[in-house]
Amino acid sequence: MDDAHLFSKRDYPELRDAVRRLCADFPATYWRTLDEERGYPTDFVGALSQAGFLAALIPQAYGGSGLPLRAAAVILEEINASGCVASPAHAQMYIMGTLLRHGSEAQKQRFLPGIASGDVRLQAFGVTEPDAGSDTTMLRTRAVRSGDNYIVNGQKLWTSRAMHSDLMLLLVRTTPIEHCARKTDGLSTLLIDLRTAKGAGLEIRPIRTLLNHHTTEIFIRDLEVPVDNLVGQEGEGFRYILDGMNAERILVAQECIGDGHWLVAKAAAYASERKVFGRPIGQNQGVQFPIARAYMELEAADLMARKAAHLFDHALPCAAEANMAKLLASEATWKGAEAAMQTYGGFGFAQEYDIERKWREARIYQTAPISTNLILSYLGQHVLGMPRSF
Ligand SMILES: Cc1cc2nc3c(=O)[nH]c(=O)nc-3n(C[C@H](O)[C@H](O)[C@H](O)COP(=O)(O)OP(=O)(O)OC[C@H]3O[C@@H](n4cnc5c(N)ncnc54)[C@H](O)[C@@H]3O)c2cc1C
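In this convention, every chain numbers its residues from 1, walking through the sequence in written order. Local features are withheld for residues below a pLDDT of 70 in this predicted model, meaning they are given only at 70 or higher, and side-chain atom pairs are given and counted only at 80 or more; totals for whole chains, interfaces and linings count all residues.

A. A look at the overall build of the chain. Per the secondary structure count, the chain includes twelve helices and ten strands. The C-alpha atoms of the chain give 21 Å as radius of gyration, which agrees with the globular expectation for 390 residues (21 Å, within 12%). Dimensions along the principal axes, computed over C-alpha positions, put the chain at roughly 80 × 45 × 40 Å. Here a residue counts as buried when 20 or more other C-beta atoms fall within 10 Å of its C-beta, as exposed when 12 or fewer do, and as partly exposed in between; the C-beta atoms come from the backbone. Here the chain holds 390 residues, and 45% of them are scored as buried. Each helix is a run of DSSP H or I of at least 4 residues and each strand a run of E of at least 2, with the numbering of both proceeding from the N terminus. With the radius of gyration taken over C-alpha atoms, the globule rule is written as 2.2 Å times the number of residues to the power 0.38.

Structure (structure tokens):
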């Protein structure tokens, strides 16, 4: 097997160039305005869908291009490295995986072609709840079978993009935890059609956050969901979600690395141009070294992300690598964000330079979709065999 692409800076060069060309139509002013208005980049997401980028992972039989995960990761990286923002669209790539791996053939025929063409948006993933937090198995949203429907009651928190999505994958408890052998049993995944659910038992409220992430809280009261919308088997939902997490971690890591490279490139360029005390500030090693260090750490994170994607694409175990890639990428990118803020001095705070916006956006990766401590505890317990802490 030729593994040269593991080390090649520009694997998938045509794909990268195509993404860059599309992104050139969405300059910084577009994102700045959306940030100010807290708007959703409908045109950008539409253009990505039209070009087929969001259907990269959907098999050709359902209208997608059936590319490997590494190609999807490259798409997200290039979006962010060009100064655009992948997060309003990225979830479609990994949520769809649950449907693809565990959905029935009828469900795939029903939903995937519309998702591939961009006519139907599957951008929302409702897992987190106010009282459960990182302890997902403690979630309280309950689905009770009643004839051909489930009746769902509960609340979700931090469900991103729910107001800009047609479908939502919802994790619910179908068997009370006290009746389960393991706390990871008894959870199920339901596909919710938000177009019909809104106003019929489901209410979405935006949450104002540090960054424009289109995040919401969702209140569910006696919502009827057809049993046909159960993805996979009842009670297996937690395993399905875990199953999809490696892909999510790898994609988010690469997207984050895209941000890091954008920040480092900006910082290096500004440090070379800005003259103070009669010389470029980048001539001072106190300014130069943090930028160089961030670059080096991004490159190291990139190697781990490539390794994780390589393992994933060869159906090999990759949970440790996917988690490490996500953590290393989030920290390297944050170093890049800090270096850029410091290098720009006061101008880093001015909105027209975009540094403060990207700095805010770069901070999220250490918390979502999984926080740093939870990754470290996974490594400590499952990779290194140390005692469980929870
Ligand atoms: C902008 C944004 C978008 C999001 N989008 C989505 C989404 O689309 N869908 C969705 O389901 N969720 C989403 N989330 C939720 C996100 O996944 C959670 O915020 C994250 O997983 C952390 O959970 P929590 O906020 O409940 O923190 P908590 O679980 O309350 O944890 C708080 C802190 O304590 C630490 N901690 C907790 N327990 C331990 C322990 N045993 N040992 C060591 N440290 C511990 C955590 O690492 C964290 O730093 C989003 C969050 C944000 C902020």
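Continuing now.
B. Local environment of the site of the ligand. Here, nearness is defined through the C-beta atom: a residue counts as near a molecule or strand if that backbone-placed atom lies within 6 Å of it. Surveying the vicinity of the ligand reveals 23 residues, the closest of which are Val127, Gly133, Ser134, Trp158 and Ser371. Sorting the residues of the shell around the ligand by element identifies strand 1 (122-126), strand 3 (149-160) and helix 12 (372-383) as the ones contributing at least two each. Classification convention: Asp, Glu, Lys, Arg as charged; Ala, Val, Leu, Ile, Met, Phe, Trp, Tyr, Cys, Pro as nonpolar; all other residues, Gly among them, as polar. By residue class, the composition of the shell around the ligand is nine nonpolar, 14 polar and no charged. Looking at the shell around the ligand, you find at least three residues from each of domain 2 (123-235) and domain 3 (239-383). For the domains described, the bounds stem from an automatic or database domain assignment.

C. View of the pairing of strand 3. Paired strands are those between which DSSP finds at least two bridges. Summarising the sheet, strand 2 (residues 142-146) and strand 3 pair through five bridges and their orientation is antiparallel. By the bridge assignment for strand 3, arginine 145 is matched with tyrosine 150. In this structure, the hairpin formed by strand 2 and strand 3 is closed by a connection of two residues, where glycine 147 is found at a positive phi of approximately 65°. With ten bridges joining them, strand 3 and strand 7 (residues 215-226) adopt antiparallel strand pairing. Bridging from a neighbouring strand, lysine 156 pairs with isoleucine 218 of strand 7.

D. Broad picture of helix 6 (residues 105-117). By this rule, a helix spans an expected 1.5 Å times one less than how many residues it contains. Under the 1.5 Å per step criterion, the end-to-end length of helix 6 is 18 Å for 13 residues, consistent within 8% with the ideal 18 Å. At phenylalanine 111, helix 6 shows its strongest bend, of approximately 30°, with the proline proline 113 following within four residues. Listed as buried for helix 6 are Phe111, Leu112, Ile115 and Ala116. Elements in contact with the buried residues of helix 6: helix 5 (87-102), strand 1 and strand 4 (167-173). Two residues or fewer after helix 6 comes glycine 118, characterised by a positive phi angle close to 90°. Take the seven residues that end at a residue and the seven that start at it, fit an axis to each, and the angle between those axes is the bend at that residue. Whether two residues are in contact is decided by their C-beta atoms, placed from the backbone, lying within 7 Å.

E. Geometry of the domain arrangement of the chain. Parsing the chain into structural domains produces domain 1 (4-121), domain 2 (123-235) and domain 3 (239-383). Relative to domain 3, the C-alpha centre of domain 2 lies at a distance of 31 Å. Taken together, the residues of the side of domain 2 that touches domain 3 sort by class into five nonpolar, four polar and no charged.

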